[in-house]
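# Summary of the model geometry
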Amino acid sequence: MNLEQLRGMFAYPGAVLGGIGLLTSGALALADRATLTDIKMAQDRDMKLSLTQVLPGHYENDLLKDTVTLPGPDGEVTVYRACQKGHVVAVVFKVQARGYAGPVVSMMGVDRDGKMLGVRVIKHSETPGLGDKVEPAKSHWIHSFEGKSLGETSAEKFAVKKDGGVFDQFAGATITPRAVVKSVKGGLLFFARERVRLLADNAVIAGKPSATKEIP
Amino acid sequence: MSNDYTRIAKDGLWNNNIVFAQILGMCPTMAVTGSATNGLGMGLATTAVLVASNTLVSMVRNVVTPDVRIPVYIVLIATLVTLVDVGINAWAHDLYKVLGLYIALIVANCAVLGRAEAYAQKVGMLPAAVDGLMMGLGFTFALTTIGGIREVIGGGTLFANAHLLLGPSFSFLETTLIPGYKGYLLFILPPGGFLVLGFLLAGKRILDKRMAHRCVALTSAPAPVAG
């Protein structure tokens, strides 16, 4: 039977489509296997980089492995914990709030006493030139959180200046800094609420053993 | 034969340019041309997909029946784009952070399916691949031009962050044309893309008209001398 006869058969187009679908799915599966570890490594590297940015100093544990998951203000929050001499000295977690054009996601580092070590906006889609001044490359604004805590700055003052708080807003853009300040405040309240559980040296959270067993 | 390839090259780069003549692929064109570097990156990724998709489509052209050709082409193109996507994510992760969002948009670029349907399914693998390459380069040229203009007017720089795309040895491309420029936001925002594209389209029309005039003048000029 030659190709011409085959093409005339009723099932031929379906078989061709099916065959090509099979081949391409095979190619995709192979590509997925081949790139899986490289992509995971690259994402871990990104994560580590953003962790070290909000967590200056040196810590003895692998932050990516030492995590606890707690119910937070919006869904579950994964908290990365940094240890020195076997004690948790600082934690890092993600917070988010609605900005001008979608969610503004930030990573914040907090030490034992609830003092902020650093904040970085890791994902946003704010207007370039206005709202994107929350990026450290564009403006120093994001550093104004460093050293602040809810003990030193009262909860009412934890807002942009327009709302009677202590944080600057940008000319022409109040919504973005307001969102960041709001999410950071929420993060600090979350920390205050969960402080005991977050800082427990060998935490067993809600019956789930955390990955901290190797730390005494 | 070489005449054919000259024509393919001319078509792809200028006469039948995806953006400036066919006005296809507007979605990625508007989305990524905020800077010359992003335009270049998107153009090169699209070129890779175009060459591969044209070659594959030409390869299967005798096997596939007309009834199922469109789904087959779409499956092929979507697979290629996914391969490029995971490849860049794994091996050029910094570039992926810049372009990642847009790579998937190549599937929505009707120019890729357009070339398969209008050209690749009718010819052999080599001319199909050359057509993909030339169309892709023309697309890259258009995106880089639009991106460059928007970047210069909008931010005063040209090829900022080129080292992310091409490696550290290309950081010499990164220039600040207007130091201390406050920026003209409109051109970075989506309307800037439409404005720049509109002016470029008008410019190409004028240029083509002038060239046609000159051609007519050249061919008609010797006639009176002879007569």
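What you are looking at is a predicted structure, and each value in this text was computed from that prediction instead of being measured.

The subject of this paragraph is the overall build of chain A. Along the backbone of chain A there are three helices and seven strands. The secondary structure elements of chain A, listed N-terminal to C-terminal, are α-α-β-β-β-β-β-α-β-β. Computed over its C-alpha atoms, the radius of gyration of chain A comes to 24 Å, more than 25% above the 17 Å expected for a compact globule of 216 residues. With respect to the principal axes defined by its C-alpha atoms, chain A has extents near 85 × 50 × 30 Å. Contacts in chain A between residues far apart in sequence, at least 24 positions, make up 48% of those at least 6 positions apart. Taken as a whole, chain A presents about 11600 Å² of accessible surface, with 59% of it coming from carbon and sulfur. Charged side chains of chain A number 28 positive and 23 negative; the gap between the two group centres comes to 3 Å.

Moving on to the domain arrangement of chain A. Residues and elements named next belong to chain A. Taken domain by domain, chain A consists of domain 1 (1-54) and domain 2 (67-209). Computed over C-alpha atoms, the centres of domain 1 and domain 2 are 39 Å apart. Counting residues at the interface gives five residues for domain 1, matched by 11 residues for domain 2. Counting the surface lost from both domain 1 and domain 2, the interface buries some 630 Å², and carbon and sulfur atoms represent 75% of this. On the domain 1 side of the interface with domain 2, the three residues burying the most area are Met47, Leu51 and Val54, jointly 75% of the side's total. Connecting domain 1 to domain 2 are zero salt bridges. Taken together, the links from domain 1 to domain 2 amount to zero residue pairs in polar contact (both at pLDDT 80 or more). In the side of domain 1 that touches domain 2, the residues fall into three nonpolar, two polar and no charged.

As a further point, take the side chain of Thr29(B). Residues and elements named next belong to chain B. On the secondary structure map, Thr29 appears in helix H2 (residues 26-32). Here Gly25 takes part through its backbone oxygen, which lies 2.5 Å from a polar atom of the side chain of Thr29. Those residues in contact with Thr29 that lie beyond four places of it in its chain are Val19, Leu24, Phe139, Leu143 and Ile146.

Bringing the packing of aromatic side chains into the picture now. Residue and element names in this part refer to chain A. Taken as a whole and assessed by the stated rule, the structure comprises eight aromatic pairs over all chains. Aromatic side chains Phe93 and Phe190 sit 5.2 Å apart centroid to centroid with 75° between the ring planes, which places their arrangement in the edge-to-face category. Note that Phe93 is positioned in strand S3 (residues 87-99) and Phe190 in helix H3 (residues 175-199), a separation of 97 residues in sequence. A single burial state applies to Phe93 and to Phe190, both of which are buried. The rings of Trp141, Phe145, Phe158, Phe167 and Phe170 are connected pair by pair, giving a single aromatic cluster.

The subject of this paragraph is unusual backbone geometry. All names here are of chain B. Backbone geometry at Ile23 places phi at a positive 50°, although glycine is not the residue there. Assignment of secondary structure puts Ile23 in the loop between helix H1 (2-15) and H2. Classification of Ile23 as partly exposed rests on a relative accessible area of 38%. The backbone of Phe159 shows a phi angle near 60°, a positive value even though the residue is not glycine. Inspection of the secondary structure puts Phe159 in the loop between strand S1 (157-158) and helix H8 (162-166).

This next bit is on the packing of helix H4 (residues 69-91) of chain B against helix H6 (residues 110-118) of chain B. Two packed helices can be described by the angle between their axes and the distance between those axes. Residue and element names in this part refer to chain B. Viewed as axis vectors pointing N to C, H4 and H6 meet at an angle of 135°, and their least axial separation amounts to 10 Å. Here H6 runs oblique to H4, going by the angle between their axes. Between H4 and H6 lies a crossing whose hand is right-handed. Between H4 and H6, the residues in contact are Arg69, Ile70, Tyr73, Ile74 and Ile77 and Val112, Leu113, Ala116 and Glu117, respectively. Of the residues assigned to the contact of H4 with H6, the class counts are seven nonpolar, no polar and two charged.

How each quantity is defined
Residues numbered from 1 in each chain as written. Chains lettered and ligands numbered in written order. Predicted model: local features only at pLDDT ≥ 70, side-chain atom pairs only at ≥ 80, totals over all residues. Heavy atoms only, no water. Helix = DSSP H or I, 4+ residues; strand = E, 2+ residues; numbered from the N terminus. Rg over C-alpha atoms; globule rule 2.2 N^0.38 Å. Contact = heavy atoms within 4.5 Å. Areas by Shrake-Rupley, 256 points an atom, 1.4 Å probe, with all protein chains shown as cover. Lys, Arg positive; Asp, Glu negative; His and termini not counted. Charge placed at Lys NZ, Arg CZ, Asp CG, Glu CD. Domains from an automatic or database assignment. Buried area = accessible area lost by both parts, 1.4 Å probe. Salt bridge = Lys/Arg side-chain N within 4 Å of Asp/Glu carboxyl O. Polar contact = N/O pair within 3.5 Å; in protein donor to acceptor, adjacent residues only side chain to side chain. Nonpolar A, V, L, I, M, F, W, Y, C, P; charged D, E, K, R; others polar. Phe/Tyr/Trp six-rings, centres within 6.5 Å; stacked < 30°, edge-to-face > 60°. Buried < 20%, exposed > 50% of the residue type's maximum accessible area, 1.4 Å probe, protein only. Axes fitted to C-alpha atoms, helices over the stretch in contact; angles between N-to-C directions. Parallel < 35°, antiparallel > 145°, perpendicular 65-115°, else oblique. Left-handed = near helix turned anticlockwise from the far one by under 90°.

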